[in-house]
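One-letter residues, chain by chain:
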Amino acid sequence: MNNALKKSVDEILNLAINEDQTKSDLTSHLTLKNKKIKANIIFKEDGILSGTEIINYLLKKFNKEISIKWNHRNGELIKKYSVVGIIYGPSKDIISLERIILNFLQRLCGISTMTNKYYKVVKNTKIKILDTRKNIPGWRLLEKYAVKIGGGHNHRNNLKDQILVKENHISLNNNIVEVLEKLKKKKKIKMSEIEVANIDELKTVIKFKPKRIMLDNFNIANIKKSVQIIRDNSKCQIEVSGKMTINKIKKIKYLDIDFISVGKITHSACFLDISMLVVE
């Protein structure tokens, strides 16, 4: 884990502890002796394991007396009812932290599992599945981490990382040529990605030779036409985006495309069904 990811975990963990009031768990304090226990983490459905080092770090930050032994590695496909890890430590702390541990793990595994479904479709091609910035605030680095575990790749982390001209930039500059002329004057065009909404815009953009062109919300027929136009006139990278379902990707995966960005792998990923059960 890098320092930026650790900082994100610290911030989210502090919020979660404050929100859940783990140090004031009435039920655990009134009913439990603080003896050492063992608890299994169990997958209740098939999925990709993701976030083991994040959970390790989280436990160490909360209480160094809690430890976990993982039976599987990040990125492994886990079968339903498998015990993926065993937690050891003081009963009160483990039970008070249970929901926070599972929230982290279920979210990360859910994203990795959904990403992996898209990754498998393009696995034997040159195409890379990209995430977007459609994240839960504060969770971006963790969610992008989970995308990588699932076989995907990260697009820009923030607005500072890369120039990406989108529809609203164009509309606020009257037209796409005005935007491209500004970037050209500042010698930024060769490091830019430009989003186009139709083939006419595409033909205009190609003349400026940006680093990457994004075909946004194109139907399959126009994606095919656009890829041919770009490859006949430019060496720029091609990214396809907008309502990219698995069925749609299956129909275009043999085209000469470099990237497919899928917002769904973060904004619509469900929590994977995972539970914790005390065994002794």
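Numbers given for residues are sequential positions, taken from 1 along each chain in its written order. At least 70 in pLDDT is required for a residue's local features to be given in this predicted model, at least 80 for side-chain atom pairs to be given and counted, and no such filter applies to totals for whole chains, interfaces and linings, which use all residues. Side-chain numbers here rest on the full set of heavy atoms in the structure, without hydrogens or water.

Caption draft 1: Structural detail: the sheet that holds strand E11 (residues 259–261). If you walk across this open sheet you meet the six strands as E6-E11-E10-E9-E8-E7, and the pairing is parallel. On the outer flanks of this sheet lie strand E6 (128–130) and strand E7 (163–165), each paired with one strand and no other. Across the sheet, the axes of successive neighbouring strands diverge by a mean angle of 25°, strand direction being ignored. Packing against the sheet, helix H7 (residues 176–185) makes contact with E7 and strand E8 (192–196), and its axis sits at approximately 180° to E8. Two strands qualify as a pair provided that DSSP identifies no fewer than 2 bridges between them. Secondary structure follows DSSP: runs of H or I at least 4 residues long count as helices, runs of E at least 2 residues long count as strands, and numbering of each begins at the N terminus. Axis definition: a line fit to C-alpha positions, over the contact stretch in the case of helices; interaxial angles, taken between N-to-C directions, run 0 to 180 degrees. Residue contacts follow a heavy-atom distance rule, with two residues in contact if any of their heavy atoms lie within 4.5 Å.

Caption draft 2: Focus on the pattern of salt bridges. Whenever a carboxyl oxygen of Asp or Glu lies within 4 Å of a side-chain nitrogen of Lys or Arg, that contact is scored as a salt bridge. Overall, the coordinates contain twelve salt bridges when judged by the stated rule. Notably, a salt bridge pairs Glu-143 with Arg-107, separated by 2.9 Å at the nearest N-O pair. Of this pair, Glu-143 sits in helix H5 (residues 140–149) while Arg-107 sits in helix H4 (residues 91–122), and the two are 36 residues apart along the sequence. An identical accessibility class is assigned to Glu-143 and Arg-107; each is buried. Of the charged contacts in the structure, one is a salt bridge between Glu-193 and Arg-212, with a shortest N-O distance of 3.7 Å. Note that Glu-193 is positioned in strand E8 and Arg-212 in strand E9 (residues 212–216), a separation of 19 residues in sequence. The residues Glu-193 and Arg-212 share a single accessibility class, namely buried. For each residue, the accessible area found with a 1.4 Å probe, counting protein chains only, is set against the maximum for its type, and the residue is called buried under 20%, exposed over 50%, and partly exposed in between.

Caption draft 3: Structural context of the layout of surface pockets. Put simply, the largest pocket is a space of about 500 Å³. Those elements that provide at least two residues to the lining of the largest pocket are E9, strand E10 (237–241) and helix H11 (264–267). Gly is placed with the polar residues, together with every amino acid not listed as nonpolar (Ala, Val, Leu, Ile, Met, Phe, Trp, Tyr, Cys and Pro) or charged (Asp, Glu, Lys and Arg). Here the lining of the largest pocket is built from residues that sort into five nonpolar, nine polar and ten charged. For the second largest pocket, the lining is made up of 19 residues, of which Gly-110, Thr-113, Met-114, Lys-117 and Leu-272 are closest to its centre. For the lining of the second largest pocket, the secondary structure elements donating two or more residues are strand E2 (47–48) and H4. The biggest single contributor to the lining of the second largest pocket is H4, with seven residues. A 1.4 Å probe that fits into a set of points on a 1 Å grid over the protein atoms alone but cannot get out defines a cavity; an open set with protein on both sides within 12 Å along at least five of seven lines defines a pocket, and lining residues are those with an atom within 4 Å of a point. Grid points are joined across faces, edges and corners, and a volume is the space filled by probe spheres set on the points.

Caption draft 4: Layout of the packing of helix H1 (residues 3–20) against H5. Relative to each other, H1 and H5 sit at 120°, their axes nearing to 8 Å. With respect to each other, H1 and H5 are oriented oblique. Residues Ala-4, Leu-5, Ser-8, Val-9 and Ile-12 of H1 lie in contact with H5, whose contacting residues are Leu-141, Leu-142 and Tyr-145. Residues belonging to the contact of H1 with H5 are distributed by class as follows: seven nonpolar, one polar and no charged. Throughout, the term roughly parallel applies to angles under 35 degrees, roughly antiparallel to angles over 145, roughly perpendicular to angles from 65 to 115, and oblique to all others.

Caption draft 5: Local environment of unusual backbone geometry. The backbone of Asn-174 sits at a positive phi, close to 75°, despite the residue not being glycine. Topologically, Asn-174 is positioned in the loop between helix H6 (167–171) and H7. Residue class for Asn-174 comes out exposed when judged on its relative accessible area of 64%.

Caption draft 6: Highlighting the sheet that holds strand E3 (residues 67–70). An order of E3-E5-E1-E12 is seen for the four strands of this open sheet, with the pairing classed as antiparallel. For this open sheet the edge positions go to E3 and strand E12 (274–278), each flanked by a neighbour on one side alone. Between one strand axis and the next, the sheet turns through 20° on average, direction left out of account. Where E3 and strand E5 (residues 83–90) come together, four bridges link them in antiparallel fashion. Paired with Lys-69 across the two strands is Ile-86, which belongs to E5. In this fold H4 packs onto strand E1 (36–43), E3, E5 and E12, with an angle of close to 160° to the strand it touches most, E12.

Caption draft 7: Main features of the packing of helix H3 (residues 52–62) against H4. Two elements in contact, H3 and H4, have axes whose closest approach is 11 Å; the angle formed by their N-to-C orientations is 155°. It follows from the interaxial angle that H3 and H4 lie roughly antiparallel. Once H3 is placed against H4, the crossing between them reads as right-handed. On H4, the residues that touch Ile-54, Ile-55, Leu-58, Leu-59 and Phe-62 of H3 are Asp-93, Leu-97, Ile-100, Ile-101, Phe-104, Leu-105 and Leu-108. Crossing chirality is assigned from the near helix's rotation relative to the far helix, an anticlockwise turn below a right angle marking it left-handed and a clockwise turn marking it right-handed.

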